[in-house]
Amino acid sequence: VMASCGEGGLCYVKSDAAHPFSGQLLVQATAFDDGAVAELMREDVLLPAGAGAIAWFRSDAIGAVDGTTHIVEAVVLDERGVVMSRNLIPFATMEKMKLKKAGAEVTAAKSEDGTCFVVDVRV
């Protein structure tokens, strides 16, 4: 069982299991600037047994997400609330995302005998 969403707010949950699936789709957005998480949609899902079972959903809130400032996550929960899958869905490519400057420095060099690399990470 997995789920995904696209720009415009169209989402789906898909299952190829040999048994029916009953649970929920939770879609949330995480802000790049402060890490705040907002629930955008929560829908009950009921899929029949068999390959290619799919349910479609649409949400204006998901369609309004700015991919340069947020990343979307689709989470599928079973009827007991157990996470069945998580899918991070970027609505923008990396070079367009407005991310904070990293506060880390990384250097790498070959060891003296040349058998490995030595990596130094400073935060």
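Everything below is about the structure printed above this text.
Residues numbered from 1 in each chain as written. Predicted model: local features only at pLDDT ≥ 70, side-chain atom pairs only at ≥ 80, totals over all residues. Heavy atoms only, no water.

Peer 1: Tell me about the sheet that holds strand β3 (residues 21–31), residues and numbers included.
Peer 2: With respect to topology, 4 strands assemble into an open sheet ordered β4-β3-β6-β7, the strand pairing being antiparallel. Looking at strand neighbours, the two that pair on one side only are β4 (37–47) and β7 (83–89), the edges of this open sheet. Direction aside, neighbouring strands of the sheet carry axes that sit 15 degrees apart on average. Here strand β6 (residues 70–78) pairs with β7 via 6 bridges, running antiparallel. Residue valine 75 lies in a different strand from β7, and its bridge partner there is arginine 86. (Pairing = 2+ DSSP bridges. Helix = DSSP H or I, 4+ residues; strand = E, 2+ residues; numbered from the N terminus. Axes fitted to C-alpha atoms, helices over the stretch in contact; angles between N-to-C directions.)

Peer 1: Outline the pattern of salt bridges, listing residues and values.
Peer 2: Scanning the entire structure with this criterion turns up 5 salt bridges. A salt bridge links lysine 14 to aspartate 16, with the shortest nitrogen-to-oxygen separation between them at 2.7 Å. Classification of lysine 14 by relative accessible area gives partly exposed; the value is 26%. For arginine 122, the salt bridge goes to aspartate 120, with nearest N and O atoms at 2.8 Å. Residue class for arginine 122 comes out exposed when judged on its relative accessible area of 54%. On the accessibility criterion, aspartate 120 (29% relative accessible area) is partly exposed. (Salt bridge = Lys/Arg side-chain N within 4 Å of Asp/Glu carboxyl O. Buried < 20%, exposed > 50% of the residue type's maximum accessible area, 1.4 Å probe, protein only.)

Peer 1: Can you tell me about the pairing of strand β9 (residues 117–122), naming the residues and giving the values?
Peer 2: Counting buried positions over the 6 residues of β9 gives 0, only a small fraction of the element. Where strand β8 (residues 105–110) hands over to β9, the hairpin turn is made up of 6 residues, of which glycine 114 adopts a positive phi near 75 degrees.

Peer 1: So what's going on with the packing of aromatic side chains? Which residues, and what values?
Peer 2: Under the counting rule described, the total for this entry stands at 1 aromatic pair. Between tyrosine 12 and tryptophan 56, the aromatic rings sit 5.4 Å apart at their centres with planes inclined by 50 degrees, giving tilted as the arrangement. Of the two residues, tyrosine 12 sits in strand β2 (residues 10–15) while tryptophan 56 sits in strand β5 (residues 53–58), which places them 44 residues apart along the sequence. Owing to a relative accessible area of 53%, tryptophan 56 belongs among the exposed residues under this scheme. (Phe/Tyr/Trp six-rings, centres within 6.5 Å; stacked < 30°, edge-to-face > 60°.)

Peer 1: Give a description of the nonpolar core that names residues and reports values.
Peer 2: Generally speaking, soluble globular proteins have nonpolar side chains that are buried together. Core analysis: the biggest nonpolar cluster contains 21 residues, and Val13, Leu25 and Val27 have the highest contact counts within it. Of all the secondary structure elements, the ones that give two or more residues to this core are β1 (2–5), β2, β3, β4, β5 and β6. With near-sequence residues (within four places) excluded, valine 27 lies in contact with Cys5, Cys11, Ala38, Glu39, Leu40, Met41, Ile62, Val72, Glu73 and Ala74. (Core = buried A, V, L, I, M, F, W, Y, C linked by side-chain atoms within 4.5 Å. Contact = heavy atoms within 4.5 Å.)

Peer 1: Can you explain the environment of alanine 102? Please cite residues and give values.
Peer 2: Assignment of secondary structure puts alanine 102 in the loop between β7 and β8. Classification of alanine 102 as exposed rests on a relative accessible area of 60%. Spatially, the C-alpha atoms of alanine 102 and alanine 18 are 45 Å apart, while their sequence positions differ by 84 residues.

Peer 1: Requested: an account of the sheet that holds β5, with residues and values cited.
Peer 2: Read from one edge to the other, the open sheet built from 3 strands follows the order β1-β2-β5, with strand pairing classed as antiparallel. One side of each edge strand has no neighbouring strand; the edge strands of this open sheet are β1 and β5. Averaged over all pairs of adjacent strands, the angle between strand axes in this sheet comes to 15 degrees, irrespective of strand direction.

Peer 1: Any chance you could break down the side chain of glutamate 73 for me, citing the residues and the numbers?
Peer 2: Here glutamate 73 lies in strand β6. Here the side chain of glutamate 73 touches arginine 86 through a polar contact of 3.0 Å, side chain to side chain. If sequence neighbours within four positions are ignored, glutamate 73 has contacts with Leu26, Val27, Gln28, Arg86, Asn87 and Leu88. (Polar contact = N/O pair within 3.5 Å; in protein donor to acceptor, adjacent residues only side chain to side chain.)

Read these as layout, nothing more, since geometry by itself doesn't imply function.
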